[in-house]
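Below, each chain spelled out in residue letters.
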Amino acid sequence: MAFLSRQDLLAIGFKRVGEDVLVSDKASIYDPGSIVIGNHSRIDDFCVISGNVTIGSNVHIAVFCNVAGGEEGVVFEDFSGLAYGCHVFSQSDDYSGVTLTNPTVPDRYKNESKAPVRIKRHSIVGACSIILPGVTLNEGTAVGGMSMVTKSTDAWSIYFGVPAKRIKSRSRGLLDLEKDYLASEGRE
């Protein structure tokens, strides 16, 4: 995987880009002036990042992910991430058939739902999962692969399914590892 140089990253025109950031030269970035990327974060091949998106530190967005921040925005807090092929949407068309859909149609003929998405610290989303508008993955949420998250989650819980449902609690042991890691990096 080839990553853009620091000079290339700065030339893109991000709102802000931290240190030690890796963005694949095969990722597609739209509206970079609305995108913030924190320190030590990485965006892999064939990702599409667009709209109002804030990526914290130590965030990983794996291959083939789509993050559509739109107007309302998507926020990834520190140590969160998406596995392969995930989709995160802050807006969605009305699929009921009552209105028209898609971006080629003027707004007056559509009824889009628009709401921010927040993926809090230490939340991880399994491969090929979908996060819909208005969802908050509270701290420490783990979403199993191929799930569709339609509602906000409880902290330190594991979710799975379509729609995603809570299946059990998640260990907080990684918080000790975070402390050790940050101390070893002089970032306490």
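Structure: see above.
These lines cover the structure that appears in this document, whether it is placed above or below. Everything numeric in this text was worked out from a predicted model, so none of it was measured.

Conventions we followed
- All residue numbers refer to position in the chain's written sequence, counted from 1.
- Given that this is a predicted model, residues contribute local features only at a pLDDT of at least 70 and side-chain atom pairs are listed and counted only at 80 or more, while totals for whole chains, interfaces and linings are drawn from all residues.
- Computation of side-chain values: all heavy atoms of the structure, hydrogens and water removed.
- A helix here means a DSSP run of H or I that spans at least four residues, while a strand means a run of E at least two residues long, and both kinds are numbered starting from the N terminus.
- To count as a disulfide, a pair of cysteine sulfur atoms needs to be within 2.5 Å.
- Between buried and exposed lies partly exposed: a residue is buried under 20% and exposed over 50% of the maximum accessible area for its type, with that area taken using a 1.4 Å probe on protein chains only.
- Any pair of N or O atoms that falls within 3.5 Å is considered a polar contact. Within protein, one atom must be able to donate a hydrogen and the other to accept it, and sequence-neighbouring residues count only if both atoms are side-chain atoms.
- Contacts between residues were defined by any pair of non-hydrogen atoms, one from each residue, lying within 4.5 Å.
- Should DSSP find at least two bridges between two strands, the strands are regarded as paired.
- Throughout this description, the term salt bridge denotes a Lys or Arg side-chain nitrogen within 4 Å of a carboxyl oxygen of Asp or Glu.
- As used in this record, nonpolar core signifies buried Ala, Val, Leu, Ile, Met, Phe, Trp, Tyr and Cys residues forming a set joined through side-chain atoms within 4.5 Å.

### Some points on the environment of Met-1
Turning to step 1, where the next piece is worked out: Assignment of secondary structure puts Met-1 in the segment before α1 (6-12).
Turning to step 2, where the next piece is worked out: Separated by 23 residues in sequence, Met-1 and Ser-24 place their C-alpha atoms 6.8 Å apart.

### Side note on the state of the cysteines
Turning to step 1, where the next piece is worked out: Summed over the entire model, instances satisfying the criterion amount to zero disulfides.
Turning to step 2, where the next piece is worked out: In this structure Cys-65 is not part of a disulfide, and its nearest cysteine sulfur, from Cys-86, lies 4.7 Å away.
Turning to step 3, where the next piece is worked out: A relative accessible area of 1% means that Cys-65 is categorised as buried.
Turning to step 4, where the next piece is worked out: Judged by its relative accessible area of 1%, Cys-86 falls in the buried class.

### Some thoughts on the side chain of Ser-80
Turning to step 1, where the next piece is worked out: Among the structural elements, Ser-80 can be located in the loop between β10 (74-76) and β11 (81-82).
Turning to step 2, where the next piece is worked out: A polar contact of 2.6 Å, which involves the side chain of Ser-80, links it to the backbone oxygen of Glu-77.
Turning to step 3, where the next piece is worked out: Once residues within four sequence positions are removed from consideration, Ser-80 is found in contact with Asn-58, Val-59, His-60, Ile-119, Lys-120, His-122 and Ser-123.

### A few points about the pairing of strand β21 (residues 157-161)
Note on strand geometry: in a regular strand, side chains alternate between the two faces of the sheet.
Turning to step 1, where the next piece is worked out: Summarising the sheet, strand β19 (residues 142-143) and β21 pair through two bridges and their orientation is parallel. In the strand pairing of β21, Val-143 is matched with Tyr-159.
Turning to step 2, where the next piece is worked out: Between the antiparallel neighbours β21 and strand β22 (residues 164-169) lie two residues.

### Some details on the pattern of salt bridges
Turning to step 1, where the next piece is worked out: Taken as a whole and judged by the stated rule, the model has 10 salt bridges.
Turning to step 2, where the next piece is worked out: Residue Arg-42 is joined to Asp-44 by a salt bridge in which the shortest nitrogen-to-oxygen separation is 2.6 Å.
Turning to step 3, where the next piece is worked out: Overall, the relative accessible area of 2% leaves Asp-44 in the buried class.
Turning to step 4, where the next piece is worked out: Linking Arg-121 and Glu-178 is a salt bridge whose minimum nitrogen-to-oxygen distance equals 2.1 Å. With a gap of 57 residues between them, Arg-121 in the loop between β15 (117-119) and β16 (124-125) and Glu-178 in helix α2 (residues 174-184) connect regions that are remote in the sequence.

### Side note on the nonpolar core
Turning to step 1, where the next piece is worked out: Counting residues in hydrophobic clusters, the biggest one holds 33 residues, and the most contacted among them are Ile-37, Ile-43, Ile-49, Ile-61, Phe-76 and Leu-82.
Turning to step 2, where the next piece is worked out: Contributions of two or more residues to this core are made by β4 (35-37), β7 (53-55), β10 and β15.
Turning to step 3, where the next piece is worked out: Residue contacts for Ile-49: discarding those within four places in its chain leaves Ser-28, Ile-29, Tyr-30, Ile-35, Ile-43, Ile-61 and Val-67.

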